[in-house]
Amino acid sequence: MQPRLPAPSAIPSKLTVNFVLPYASEISGKEVDMVIIPASTGQMGVLPGHVSTITELKPGVLSVHEGNEVKKYFVSSGFAFIHANSIADIVAIEAAPLDQIDSSLVQKGLADFTQKLSSASTDSEKAEAQIGVDVHSALNAALTG
């Protein structure tokens, strides 16, 4: 095992972000001011010079801040790897720009999975339905503010 690279002596002014999905690269090497990650422990803001961290993503909103522009994505799950050299690698299972999500379909999905959860008879059916409820609840919360 090789030792970890030391942190740079000066903190860069920008954070370099790579945001990938199994089927696409959403952001590659983009320099931004900050990202806010839906970590399993809560919202986590990442600025240049952040301490090295690995965190699991929960369903929620990933915000990428560049100047006055903020791009928001809904992520279902994944991991974020924050490196001492001000690089953030974010890997999500599924993601979509928040402005491209249809709120009526989210409401329908939440109702469908809630009904499936109430009628589930096996542990597997209950777990699958609960995941659907959790993701659609997070989607609904992201869209309603």
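Residues numbered from 1 in each chain as written. Predicted model: local features only at pLDDT ≥ 70, side-chain atom pairs only at ≥ 80, totals over all residues. Heavy atoms only, no water.

Within the UniProt record for the protein, the comment given under Subcellular location (unreviewed entry) is "Mitochondrion inner membrane". Regarding the protein, the relevant UniProt record gives this comment under Sequence similarities (unreviewed entry): "Belongs to the ATPase epsilon chain family." (UniProt positions renumbered as here; feature names shortened; annotations may be inferred.)

A. Structural detail: the overall build of the protein. Helices and strands together make up the secondary structure of the protein, namely 2 helices and 10 strands. If you list the helices and strands of the protein from N to C, you get β-β-β-β-β-β-β-β-β-β-α-α. Here the C-alpha coordinates of the protein stretch approximately 60 × 40 × 25 Å along the principal axes. Across the protein, every contact between residues at least 6 apart in sequence was considered, and the portion connecting residues at least 24 apart equals 50%. Total accessible area on the protein is roughly 8,600 Å²; 56% of this is exposed by carbon and sulfur atoms. Measuring between centres, the 9 positive side-chain charges of the protein sit 3 Å from its 15 negative side-chain charges. (Helix = DSSP H or I, 4+ residues; strand = E, 2+ residues; numbered from the N terminus. Contact = heavy atoms within 4.5 Å. Areas by Shrake-Rupley, 256 points an atom, 1.4 Å probe, with all protein chains shown as cover. Lys, Arg positive; Asp, Glu negative; His and termini not counted. Charge placed at Lys NZ, Arg CZ, Asp CG, Glu CD.)

B. Focus on the domain arrangement of the protein. Taken domain by domain, the protein consists of domain 1 (15-98) and domain 2 (102-144). Here the C-alpha centre of domain 2 lies 25 Å away from the C-alpha centre of domain 1. With 4 residues of domain 1 at the interface, the matching set in domain 2 holds 5 residues. Carbon and sulfur atoms supply 90% of the area that domain 1 and domain 2 bury against each other, a total of about 420 Å² over both sides. Considering only the surface of domain 1 that becomes buried against domain 2, P59, F74 and L98 emerge as the three largest contributors, covering 85% of it. At the surface where domain 1 touches domain 2, the tally comes to 0 salt bridges. Seen at the junction of domain 1 and domain 2, the total is 0 residue pairs in polar contact (both at pLDDT 80 or more). (Domains from an automatic or database assignment. Buried area = accessible area lost by both parts, 1.4 Å probe. Salt bridge = Lys/Arg side-chain N within 4 Å of Asp/Glu carboxyl O. Polar contact = N/O pair within 3.5 Å; in protein donor to acceptor, adjacent residues only side chain to side chain.)

C. Focus on unusual backbone geometry. Unlike most non-glycine residues, S86 shows phi in positive territory, near 65°. Inspection of the secondary structure assignment puts S86 in the loop between β8 (78-83) and β9 (87-92). With relative accessibility at 2%, the residue S86 sits in the buried group. (Buried < 20%, exposed > 50% of the residue type's maximum accessible area, 1.4 Å probe, protein only.)

D. Just the side chain of S86, in detail. At a separation of 2.7 Å, a polar atom in the side chain of S86 contacts the main-chain amide nitrogen of G49. Setting aside residues no more than four positions away along its own chain, S86 makes contact with P12, K14, L15, T16, P48 and G49.

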